[in-house]
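Structure assessment
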Amino acid sequence: MKERLHIFTHLIAACAMFFIMAGAIPIQAEAASYTAGTAVNRASGECRYNVQGLDVTQTSSLTLQVSHKNTQNVALQTTVALTSDNCSDGTYNGSFSLEDLNFDYDAYEVHILVGDSKVSAGLCDFSIHADKLSIQMDGGSDSASRNVRVASSEAAGEAAIPGQNKFVSVMAWPQGSDEKSAQVIAAKTPFTEGGMRLSANVGAAGTAYGVWNAKLVFVNDKTGTTQSLASTTYTVIPSLKTFEMKRSKSLEKKKAFGITLDGLSNVYGVQKVTFSLYNSKGKKAASIAGTKKRSNGSKFYAEVKLKKLNYVLDRYTIRATLTDNNGKTYTLNDTALADEQAQNGTLTVKKTGNASCIYKLNNAYIPGNIKKMRFNVYQMKGKNRKKTGTYYVKGTAGKRSVSLKTKNTSKGEFLVEVYGYTSWGKKVFLNEKTYELRKKDMGKNGWYYEKYNGKTYKFYYVNNVKQTDLTNIINLKESSSSNTNRLYIEVNRAACAVTIYLYNSETKKYDIPIKTCAVSVGRDVSTNAGTSALHLHSSYTPLGTYSICTNGTSVKYTLKPMHEPDGSTVFARWTSHIVGNIYFHSIAVSTDSHYALPSYRYNLLGSPASAGCIRMTVADAKWIYDYASTGTPVKIVKGDTSKPGPLGKPAVIKTTGSINYDPTDPEVPDSRKKADYKAKKITGYMTKKGKRVGY
């Protein structure tokens, strides 16, 4: 019985529960009739909502519940009493703001609680649309003052950041470092929707060079928090306008070049600049401090002397390292080039019609100027070469074109080399060229009749060069009892020159000039004494026609003591009598020695200096002694300095004060002459075999 009663009791309870649940169905249907919605004004930071389907006679209140969309955490919940005043026609309108949410910028879900009903009103987006914002940094990498441009892709009238009184700033930190080190470069500024500009001082962020990160930061004054909105990068690197090497005539004279760095600008300022020079192998050759040419540090200059580079001619790369106002250094990416190599130039060889070659070197250059040039000419025979001439051209500093003309000496293949000498004495190879000389390039060769001073003479040419000593060319034999040379000797007293002629069997005249000599005649041009009288007050070479040994008696001496007008005795070699006390002879010396000839006396040769005799070099006096037969006509004419004779007047060797011999004397060893010539104590000499050197 008890058991049945228990079952019945449960049945009654189950039925009761059924009816209760069945009674709930109308309530759920009533809740479903509530509707709600929201409208967000992001610019003002206000969210409006409304609830419909309310009946104030049955419902006395509703609850607003605002939850974070992502976490569902309730941010705001408030109960609103419903009255006929605030709920008309079953609709209630309400609102809440960012301030109500403690300025917590986020996306929120809004629900309305009515009794046991929970109605979704929708989404209220108070989040910051950072993805709609971007920034760009304007300004050069050298500028501390930059403009930060903020752009927004929000639709017109919309707000990327909800609410009013919004502020942003810009912060920066070096790329590669911790973002926590970021510093403010643009102070807190009211945010303007749709786009804005901020002035930034990138120098306020630190002292590093390179790439920097920058971010636009929203500053929440209400909560004291910040939020990154957008980011970009910028660089801090010095810049310049020109960086170059400078040459000028004044710098070349100083054997130097200049370095100019202009338009230098840097975020952190410029305290000083150091220039470093690297050779072609990348090794540092020198460092030189720049001189500040403007007080703001925008221009620096340095003068580099080649001595600083040990006179090494090379291609140098110049780098500039600045020290900023923070004491930090930075090496600029820009470089300058100092090409301090010799420039070979262009060498040409022009063969002229007069058996000459013109060597021309254009645009050759050696830093510090080319003091002089040397042209070496070689005749080539296969791989072998023989030097045929060395020629120097001086005064070449600053010249872009240097020419040298030489006489051709023979046919064949030739090589010309050109060297330049630096102002510090170093020889530098510049250029070379091979060329060929053929028969047609050699000009005149052999005998030619030509006029000189109104008369016709027979000249002999070798490669277009008129020969001034034909002794070997005509195979002239020395005079002897069995050989008489038909010669004629003319002394040009004004020109101090002697010309010797050979008789021409074709024309029956003495019209073949075979030798010319520079001589000294008497110092006087007039005298009261006879032609055979010399005395203390007479140094006169008489005019007239005479002969070798006018008296018909052969009077020649290898060494002859001679009495000067002052009564002194001197010694002359290779004397040949002309008339009276007048002789051809070498320059007389005070003792019978080959080393008793003062330099000053020898250097008078070629000008009036004798006591009346005709002074000659030892070689020329010996020539007349050897080849002029007794009876050879000798004519002494007044002459003309501008017309010395058909073979001209030969150059005269000059000696220095330490030389006490005649450089043409065959008794003086060739070795001594060669050494003195090399030491520039004599300008030339004649070897024992009669070869001329240097003149």
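Here, the structure is the one placed above.
The paragraphs below set out a description of the structure included in this document. Just so it is clear, the model here is predicted, and its values are computed rather than measured. (Residues numbered from 1 in each chain as written. Predicted model: local features only at pLDDT ≥ 70, side-chain atom pairs only at ≥ 80, totals over all residues. Heavy atoms only, no water.)

Some details on the overall build of the protein chain
Within the protein chain, the secondary structure is distributed over five helices and 44 strands. A compact globule built from 695 residues should have a C-alpha radius of gyration of about 26 Å, whereas the protein chain, at 58 Å, is more than 25% larger. Its C-alpha atoms give the protein chain principal-axis dimensions of roughly 200 × 55 × 50 Å. Looking at the protein chain as a whole, 44% of its 695 residues are labelled buried. Put simply, 60% of the contacts in the protein chain that link residues at least 6 apart link residues at least 24 apart. When the accessible surface of the protein chain is split by element, carbon and sulfur atoms take 48% of a total near 35600 Å². Distance between charge centroids for the protein chain: 22 Å, based on 92 positive and 54 negative side chains. (Helix = DSSP H or I, 4+ residues; strand = E, 2+ residues; numbered from the N terminus. Rg over C-alpha atoms; globule rule 2.2 N^0.38 Å. Buried < 20%, exposed > 50% of the residue type's maximum accessible area, 1.4 Å probe, protein only. Contact = heavy atoms within 4.5 Å. Areas by Shrake-Rupley, 256 points an atom, 1.4 Å probe, with all protein chains shown as cover. Lys, Arg positive; Asp, Glu negative; His and termini not counted. Charge placed at Lys NZ, Arg CZ, Asp CG, Glu CD.)

Things to note about the pattern of salt bridges
Tallied over the full model, the rule gives 21 salt bridges. Ionic pairing is found between Asp-262 and Arg-294, a salt bridge with its closest N-O pair at 2.6 Å. Note that Asp-262 is positioned in strand S17 (residues 256–262) and Arg-294 in the loop between strand S20 (291–292) and strand S21 (299–305), a separation of 32 residues in sequence. Judged by its relative accessible area of 19%, Asp-262 falls in the buried class. Its salt-bridge partner being Asp-339, residue Arg-315 comes within 3.4 Å of it at the nearest N-O pair. (Salt bridge = Lys/Arg side-chain N within 4 Å of Asp/Glu carboxyl O.)

Regarding the environment of Val-349
Among the secondary structure elements, Val-349 is positioned in strand S24 (residues 346–351). For Val-349, a relative accessible area of 19% puts it in the buried group. C-alpha separation for the pair Val-349 and Gly-446, spaced 97 residues apart in sequence, amounts to 26 Å. For Val-349, the contacting residues outside a window of four places in its chain are Cys-357, Ile-358, Tyr-359, Val-416, Lys-433 and Tyr-435.

Re the packing of aromatic side chains
Under the definition given, this model contains 26 aromatic pairs. Ring centres of Tyr-419 and Phe-429 lie 5.6 Å apart, and the angle between their planes is 70 degrees; this geometry places the pair in the edge-to-face category. With Tyr-419 in strand S29 (residues 412–422) and Phe-429 in strand S30 (residues 427–437), this pair connects stretches of sequence that are 10 residues apart. For Phe-429, a relative accessible area of 36% translates into the label partly exposed. Each ring, one from Trp-574 and one from Tyr-625, has its centre 5.0 Å from the other, and the planes form 70 degrees; the classification is edge-to-face. Pair noted here: Trp-574 is in strand S39 (residues 569–579) and Tyr-625 is in helix H4 (residues 618–627), with a separation of 51 residues, a long-range link. The exposure class of Trp-574 is buried, given its relative accessible area of 18%. A relative accessible area of 22% means that Tyr-625 is categorised as partly exposed. Each residue in the set Tyr-452, Tyr-457, Phe-459, Tyr-488, Tyr-501, Tyr-503 and Tyr-510 is aromatic and connected to the rest through ring pairs, giving one cluster. The ring of Tyr-421 carries Lys-372 above its face, with NZ or CZ at 5.0 Å from the centroid. (Phe/Tyr/Trp six-rings, centres within 6.5 Å; stacked < 30°, edge-to-face > 60°. Lys NZ or Arg CZ within 6 Å of the ring centre and 35° of its normal.)

What about a nonpolar patch on the surface?
Residues Trp-447, Val-462 and Ile-473 make up a contiguous nonpolar surface patch of roughly 220 Å² in combined accessible area. Tracing the sequence through the fold places Ile-473 in the loop between strand S33 (465–466) and strand S34 (487–492). For Ile-473, a relative accessible area of 32% gives the class partly exposed. (Patch = residues over 30% accessible without salt bridge, like charges linked within 9 Å, V, L, I, M, F, W, Y side chains within 5 Å.)

Regarding the sheet that holds strand S22 (residues 315–323)
Read from one edge of the open sheet, four strands run S19-S18-S22-S23, paired in antiparallel fashion. The strands lining the two open edges of the sheet, one partner per strand, are strand S19 (284–289) and strand S23 (329–339). Within the sheet, the average angular offset between the axes of one strand and its neighbour, ignoring direction, is 25 degrees. (Pairing = 2+ DSSP bridges. Axes fitted to C-alpha atoms, helices over the stretch in contact; angles between N-to-C directions.)

Digging into the sheet that holds strand S5 (residues 87–88)
Remark on secondary structure: sheet strands pair via backbone hydrogen bonds, oriented parallel or antiparallel. Strand order in the open sheet formed by four strands is S1-S2-S6-S5, and the pairing between neighbours is antiparallel. A strand with exactly one partner marks an edge of an open sheet, and here the two such strands are strand S1 (35–41) and S5. The pairing of S1 with strand S2 (residues 46–52) spans seven bridges and is antiparallel. Considered in S2, the bridge of Ala-39 is made with Arg-48.

Considering the side chain of Asn-464
Assignment of secondary structure puts Asn-464 in the loop between strand S32 (455–462) and S33. On the accessibility criterion, Asn-464 (15% relative accessible area) is buried. Non-local contacts of Asn-464, meaning those with residues more than four positions away in its chain, are made with Asn-354, Ala-355, Lys-407, Met-442, Gly-443 and Lys-444.

Describing unusual backbone geometry
Of note in the backbone geometry, Asn-102 takes a positive phi value of approximately 60 degrees without being a glycine. Position of Asn-102 relative to the elements: it lies in the loop between strand S6 (91–97) and strand S7 (107–114). Take Asn-102: its relative accessible area is 56%, and that puts it in the exposed class.

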